[in-house]
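Chains, contacts and geometry: an overview
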Amino acid sequence: MIKADSLTKIYYSGNNSYTALKDVSFSIKKGEFLSIVGRSGSGKSTLLNIIGTLDKPTSGSVIVNNKRLDCLTKKQLDQYRNKEIGFVFQSFHLEPSYSVYKNVEMPLLIANVPPKERKEKILDALLKVDMLGKEKNCASQLSGGEKQRVCIARALVNSPSIILADEPCGNLDSVNGRVVMELLKKLAQEGKTIVLVTHNMEDAKMTDRIITLKDGQVISDEIL
Ligand SMILES: Nc1ncnc2c1ncn2[C@@H]1O[C@H](COP(=O)(O)OP(=O)(O)OP(=O)(O)O)[C@@H](O)[C@H]1O
Ligand SMILES: [Mg+2]
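Think of each chain on its own: its residues are numbered from 1, step by step along the sequence as written. Each chain gets a letter, beginning with A, and each ligand a number, beginning with 1, in the order they are written. Side-chain atom pairs in this predicted model are given and counted only at pLDDT of 80 or more, local residue features only at pLDDT of at least 70, and totals for whole chains, interfaces and linings cover all residues. The side-chain values count all of the structure's non-hydrogen atoms but skip hydrogen atoms and water molecules.

Detection works on a 1 Å grid of protein atoms alone, calling trapped sets that fit a 1.4 Å probe cavities and calling open sets with protein on both sides within 12 Å along at least five of seven lines pockets, with lining residues defined by an atom within 4 Å of a point. Grid points are joined across faces, edges and corners, and a volume is the space filled by probe spheres set on the points. Of the volumes computed, that of the largest pocket is approximately 490 Å³. Looking at the largest pocket, it is lined by 22 residues, and the ones nearest its centre are Arg81, Asn82, Phe87, Pro107 and Ile110. Numbering of helices and strands runs from the N terminus, with a helix taken as a DSSP run of H or I at least four residues long and a strand as a DSSP run of E at least two residues long. Secondary-structure elements contributing two or more residues to the lining of the largest pocket are α2 (74-84), β6 (85-89), α3 (100-110) and α5 (144-156). At five residues, the largest contribution of residues to the lining of the largest pocket is made by α2.

Strand pairing within a sheet occurs via backbone hydrogen bonds; the two strands may be parallel or antiparallel. Strands were regarded as paired on the criterion that DSSP finds at least two bridges between them. What the six strands build is an open sheet, ordered β6-β7-β8-β3-β9-β10; its pairing is mixed. The sheet is open, and its two edges are formed by β6 and β10 (217-223), each paired on a single side. Pairs of neighbouring strands in the sheet enclose a mean axial angle of 15°, with direction left out of account. Contact definition: two residues touch when any of their heavy atoms are within 4.5 Å. Simply put, an axis is a line fit to the C-alpha atoms, just over the touching stretch for a helix, and the angle between two N-to-C directions goes from 0 to 180 degrees. Of the strands in this sheet, β6 and β7 (162-166) are in contact with α2, which crosses β6 at around 70°. Sitting on the sheet, α5 is in contact with β6 and β7, with an inclination near 165° to β6.

The next point concerns the site of ligand 1. Nearness here has a simple test: a residue counts as near a molecule or strand if at least one of its heavy atoms is within 4 Å of that partner. In the vicinity of ligand 1 there are 13 residues, among which Ser40, Gly41, Lys44, Ser45 and Thr46 approach most closely. Within the side chain of Tyr18, a nitrogen or oxygen atom sits 3.5 Å from an oxygen atom of ligand 1. Side-chain polar atom of His199 to an oxygen atom of ligand 1: 3.3 Å apart, as the coordinates give it. Here ligand 1 has 640 Å² of accessible area as a free molecule, and 60% of this is covered by the chains. Elements supplying a minimum of two residues to the shell around ligand 1: β2 (16-28) and α1 (44-51). Take the shell around ligand 1: its biggest share by element is three residues, from α1. Gly falls in the polar group here, along with every residue not listed as nonpolar (Ala, Val, Leu, Ile, Met, Phe, Trp, Tyr, Cys, Pro) or charged (Asp, Glu, Lys, Arg). Grouping the amino acids of the shell around ligand 1 by side-chain chemistry returns three nonpolar, seven polar and three charged. Here a polar contact means two N or O atoms within 3.5 Å. Within protein one must be a hydrogen donor candidate and the other an acceptor candidate, and residues neighboring in sequence count only if both atoms are side-chain atoms. Using a 1.4 Å probe, the Shrake-Rupley method yields the accessible areas, and only the shown protein chains count as cover for residues.

See the structure below:
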């Protein structure tokens, strides 16, 4: 379903260049729960951002459902990002002054979903992450675990087929981290394709497959 084909990413600054990814290739099957591990600076976020079209490779391509992302127009890319992908970040990226409801509503507004349908989808997503009843709360007043569950609701609300999560448990204590991992596991069992970037091997072991990056290259690809 997702194919990374010879991805290379070089960052240039002034006369210096830095190769963050070097010829990375692998395929992810529909419904697979994949984790990407590796030391800090090994290229994990760069890879995830390229899959999510938040960044572009210097060479190589990402192919999703037989379509090369580098051949899509800007409009098609925006649609792909909005309809097919849900992002979950370590630092949440919620709008702090907005309510839980409004934060989860954002992807639906972008997708022009009509109001009645929006409400159903938002409440359904909040139910899935056990946040029903908190929809009027302001995002800034939530605990870390609650914030991450709202992020997952926001990632889910538009029914994407792919969830990309970059260290979603990185700012959480172990109990809340576990809750988030169990939630991702459940979503994978329901058929979502999930790519998880993590430092935590215990979390990685809850997934179907672990890809290890070192200095921008895949050094192991292990099916569990
Ligand atoms: N915009 C940028 N300009 C220059 N170098 C960058 C840029 N973004 C990332 N890098 C470099 O690319 C390498 C890979 O970065 P990346 O963020 O993908 O690592 P990571 O594996 O996610 O690390 P961490 O575990 O610390 O989040 C790092 O050495 C980083 O300094
Ligand atoms: Mg990172």
